[in-house]
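Architecture and fold: a report
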Amino acid sequence: MELRDIMTTRVAVVGPDNTVMDACKLMQIHNVGALPVCQHDGKVVGILTDRDIVVRNIASGGDPKTTPVRTVMTREVICASPTMEVEEAAELMAQHKIRRLPVVQNDKLVGMVSIGDLATRYRFVEEAGEALSEISEPSRPVNIMQ
């Protein structure tokens, strides 16, 4: 099965010059934890996650109302094509320790696949579980209350 068969095609996006607050409102409206950052022509130039917002903006004393997305987004985005096999996408997500994968065709965003999309397809539960295990492996909680 190819990603085109399971990807979400109606993807909320944010521009690099939008504020972090704009992105937060979009995340709230669409109930998502990540937004592809796209130029006006649809080219993906980054991805912004809820973790990026907390770690790179709020915890650093930034103001979400004035901080541009481009200053806190993740610039190195791993993308897939719509014709990529689901198993290959799961391996890619595990290898790069990512939970969301923008799907790009002809240099434009056409969809998004998450680890949850893989898990909800009964045939790919094992692949999703393996990918999630590898994604989460190095992130062990640190007990700071010792």
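Read on for an overview of the structure. Only a predicted model underlies this, so the values are computations on that prediction, with no experimental measurement involved. (Residues numbered from 1 in each chain as written. Predicted model: local features only at pLDDT ≥ 70, side-chain atom pairs only at ≥ 80, totals over all residues. Heavy atoms only, no water.)

1. Some words on the side chain of Thr67
- Take Thr67: it is sitting in the loop between helix H2 (50–58) and helix H3 (86–96).
- For Thr67, a relative accessible area of 12% translates into the label buried.
- Within the structure, the side chain of Thr67 is placed 2.9 Å from the side chain of Asn57, a separation counted as a polar contact.
- Excluding residues within four positions of it along the chain, Thr67 makes contact with Asn18, Thr19, Val20, Asn57, Gly62 and Val72. (Helix = DSSP H or I, 4+ residues; strand = E, 2+ residues; numbered from the N terminus. Buried < 20%, exposed > 50% of the residue type's maximum accessible area, 1.4 Å probe, protein only. Polar contact = N/O pair within 3.5 Å; in protein donor to acceptor, adjacent residues only side chain to side chain. Contact = heavy atoms within 4.5 Å.)

2. Remarks on H2
- Where H2 is concerned, the buried positions are Asp52, Ile53 and Asn57. Down the axis, H2 shows its buried residues gathered within 100° of arc, on one side only.
- The secondary structure elements touched by the buried residues of H2 are helix H1 (20–30) and strand E2 (44–49). (Arc of directions from axis to C-beta.)

3. Re H3
- Among the residues of H3, Val86, Ala89, Ala90, Leu92, Met93 and Ala94 are the ones counted as buried.
- Positive phi appears at Lys97, one or two residues downstream of H3, with a value of about 55°.

4. Some words on the state of the cysteines
- Across all of its chains, the model carries 0 disulfides by this definition.
- Free of any disulfide, Cys79 has its nearest neighbouring cysteine sulfur in Cys38, separated by 8.8 Å.
- Classification of Cys79 as partly exposed rests on a relative accessible area of 31%. (Disulfide = S-S within 2.5 Å.)

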